[in-house]
Structures are given as structure tokens and as C-alpha cells.
Amino acid sequence: IYVIYAQVKRRDIIDLGNNLEPEAFSEASSLFGSGLSADWIVAGFRLNFAALHPVASEGFAAGLLNLLRALPLADKDLCYGHRRNMGEVISDLLEHYPPDFTIIQAGLDNRRRRKAAQHFGIASSSSTLADFAAALKSRLDPYVSNVFRVVAQRHPLPVGYRIGGS
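Report follows, based on the coordinates. The shown structure was predicted, so the numbers you read here are calculated from the model rather than taken from an experiment.

### Quick word on helix α6 (residues 146–154)
Residues separated by three or four positions in an α-helix point in the same direction, a consequence of the helix having 3.6 residues per turn. Residues of α6 that are buried: V147, F148, V150, V151 and A152. In this fold, the buried residues of α6 make contact with α2 (63–66), α4 (86–96) and α5 (127–137). Its side-chain oxygen placed 3.3 Å from the backbone nitrogen of V147, S145 serves as the N-cap of α6.

Spelled out as C-alpha cells, the structure:
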């Protein structure tokens, strides 16, 4: 997750668990009371850079699940997965403070630091479309993921979308 400010004088690593805005979400939100980094809120450009990888409980993880990194609480699984519906959490973040662009890298074997047989990248201004395209390119059904299904209901694929490339 990267935040880019309109006027950058130097590179800083920003801890999105600090500088919290406690009232970032309304009472109707699944994220009410958890706060959100003011740095994420006021960023001139929000970039979600993720890797596609298998996850037993969801089938796959890519840009949508990576958005949990923008949230401040340290134990993501406990705070956003077990205590809340993770799809609703991500949908609420997308509704109020979405990334401007999502880039998903796939096909790099991180354990061996070498390219797998199928290496590709996906980029989109729609986080839902980025995950959809990455799953299809990997020959996965995106709707196998409960998170994807929930998010796609509230943030559907863009009308008239096209997927290009080889």
C-alpha cells in the first residue's frame, strides 16, 4: 500500500497504524470505531500494490485482501476477519477511501525468488476488476472467494469493462 502526496519533498515511510482519524467511518460502517490513518485519508493518490497468491479460506488473495494493510489494527485476521465480515470491511473502505489504482503481480515464487511458468501483472482503477482479471488469468473462479463475492455485490465490475493483453 502506498500513499502519494501532491507535494513530495522527500521519501517517507508512512505507518498507516499511526496518525489515526478516529471518526473516519460512520456508525453504519463495519469499520466504525476502528479509525483510519489520516495519511491514507488525505493522500493525493492511493496505490494498492499486491501479489496474487493462494489462500485456503478464500481460494486466492490479491488486491482486495491487500487493502486490509491500509487499516490500522495490527492483527488483521482477528480484528477484520473474525470479528467482522471481511468483505464488508473491504467494501466500506472502498466506499469511503478507495485506492486510485490497483496493481497485482502474479507468478513470482517468493520462496525461491524466481519467476513461475506464468508471470503477469494486472492494473486497474477498479479494485474489483483487478481481482476479477487476476483470478481469471490464473484460471481461478473469482467468485470462489467470499470476500470477492461480497465486495462485487456493493462494488460491481465497471459497465463495459475490457480486459486486454496476452
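Having seen the structure, we can now continue with the description.
### Concerning empty space enclosed by the protein
All chains considered together, the criterion is met by 1 cavity of 30 Å³ or more. Each pocket or cavity is described by its volume, and for the largest cavity that value is around 40 Å³. Along its surface, the largest cavity is lined by F60, A61, A62, L64, L65, D131, S145, V147 and F148. Going through the elements one at a time, α2 and α6 are the ones with two or more residues in the lining of the largest cavity. Its residues assigned to classes, the lining of the largest cavity shows 7 nonpolar, 1 polar and 1 charged.

### Concerning the environment of E58
Looking at the secondary structure, you find E58 in the loop between β4 (45–51) and α2. E58 gets classed as buried once you look at its relative accessible area, which sits at 12%. Note: C-alpha distance between E58 and N146 (88 residues apart in sequence) is 6.3 Å. Apart from the residues lying within four places of it in its own chain, the contact partners of E58 are L65, V144, S145, N146 and V147. A polar atom in the side chain of E58 sits 2.9 Å from the backbone nitrogen of V147.

### Digging into α4
Extensive coverage of α4 is indicated by the burial of 8 of its 11 residues. Where α4 is buried, its residues contact β3 (36–37), α1 (38–42), α2, α3 (76–82), α5 and α6. With a side-chain oxygen positioned 2.8 Å from the backbone nitrogen of G87, the residue opening α4 is N85.

Parameters and conventions
- Residues numbered from 1 in each chain as written.
- Predicted model: local features only at pLDDT ≥ 70, side-chain atom pairs only at ≥ 80, totals over all residues.
- Heavy atoms only, no water.
- Buried < 20%, exposed > 50% of the residue type's maximum accessible area, 1.4 Å probe, protein only.
- Helix = DSSP H or I, 4+ residues; strand = E, 2+ residues; numbered from the N terminus.
- Contact = heavy atoms within 4.5 Å.
- Polar contact = N/O pair within 3.5 Å; in protein donor to acceptor, adjacent residues only side chain to side chain.
- 1 Å grid on protein atoms, 1.4 Å probe; cavity = no way out; pocket = protein on both sides within 12 Å on 5 of 7 lines; lining within 4 Å.
- Points joined across faces, edges and corners; volume = space filled by probe spheres on them.
- Nonpolar A, V, L, I, M, F, W, Y, C, P; charged D, E, K, R; others polar.

From the geometry alone we can't say anything about function, so treat these as descriptive.
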